[in-house]
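A closer look at the structure
Listed below are the residues making up each chain.
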Amino acid sequence: MEQGRVLLDETAINRALTRIAHEILEKNKGIEDLVIIGIKTRGIYLAQRIADKIKQFEGHDIPVGELDITLYRDDLTEKSDQPLVKGSQIAFEIKKKKIVLIDDVLYTGRTVRAALDAIIDMGRPQQIQLAVLIDRGHRELPIRPDYVGKNVPTSKQEMISVQLKECDQKEQVTIQPKTTL
């Protein structure tokens, strides 16, 4: 697969996550009733990094959960007859909490819609906010992020690839033409 043009390197990713962490604290006036939930797969690593930064600033841990939206996808039957469900890991109550939902790339909004459905099935939070590393546009649903690392206008013939050390042994965001088989 083609390497693509680098949009964010390791330093730029770190800078964007630091800014998002500060914005979360500012908007929520601290960490009271605040929890962070990352959408599998890369959203969980970004969520943990943001939580670590908030701990550095505030001196206290905030709960971090992992959300698997596989069974909430509206394209489930298009993806596979037997979807691979990894399971959510949310070891805290979400009722009356301010949730910051984290994902790597916001595109059509369908992943976020599925995540919202999954969260609401677990309880009724006080508020749900959305943070994404990359917003590439082309929304199909009326979903807008509260926190954005970088806005990257794209064409539908392009693909954004987020690579993180935790799962890709590389740290960068690239854009490249979609490959057709």
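Here, the structure is the one placed above.
Residues numbered from 1 in each chain as written. Predicted model: local features only at pLDDT ≥ 70, side-chain atom pairs only at ≥ 80, totals over all residues. Heavy atoms only, no water.

1. A short note on the overall build of the protein chain
Each helix and strand in the protein chain was counted, giving five helices and eight strands. Seen in sequence order, the protein chain has helices and strands lined up from the N terminus as β-α-β-α-β-α-β-α-β-β-β-α-β. A compact globule built from 181 residues would reach a C-alpha radius of gyration of about 16 Å, and the protein chain, at 16 Å, matches this within 12%. The buried share of the protein chain, reckoned over its 181 residues, is 45%. Look at the contacts in the protein chain between residues 6 or more apart in sequence, and 69% of them connect residues 24 or more apart. A total of about 10,000 Å² of accessible surface is found on the protein chain, and carbon and sulfur atoms cover 46% of it. If you average the places of the 28 positive and of the 28 negative side-chain charges in the protein chain, the two averages end up 3 Å apart. (Helix = DSSP H or I, 4+ residues; strand = E, 2+ residues; numbered from the N terminus. Rg over C-alpha atoms; globule rule 2.2 N^0.38 Å. Buried < 20%, exposed > 50% of the residue type's maximum accessible area, 1.4 Å probe, protein only. Contact = heavy atoms within 4.5 Å. Areas by Shrake-Rupley, 256 points an atom, 1.4 Å probe, with all protein chains shown as cover. Lys, Arg positive; Asp, Glu negative; His and termini not counted. Charge placed at Lys NZ, Arg CZ, Asp CG, Glu CD.)

2. Re the side chain of K98
Within the secondary structure, K98 sits in strand β4 (residues 98–106). Despite its burial, K98 remains without a salt bridge, the nearest opposite charge being carried by D33 at 5.9 Å. A polar contact of 3.5 Å, which involves the side chain of K98, links it to the backbone oxygen of E32. (Salt bridge = Lys/Arg side-chain N within 4 Å of Asp/Glu carboxyl O. Polar contact = N/O pair within 3.5 Å; in protein donor to acceptor, adjacent residues only side chain to side chain.)

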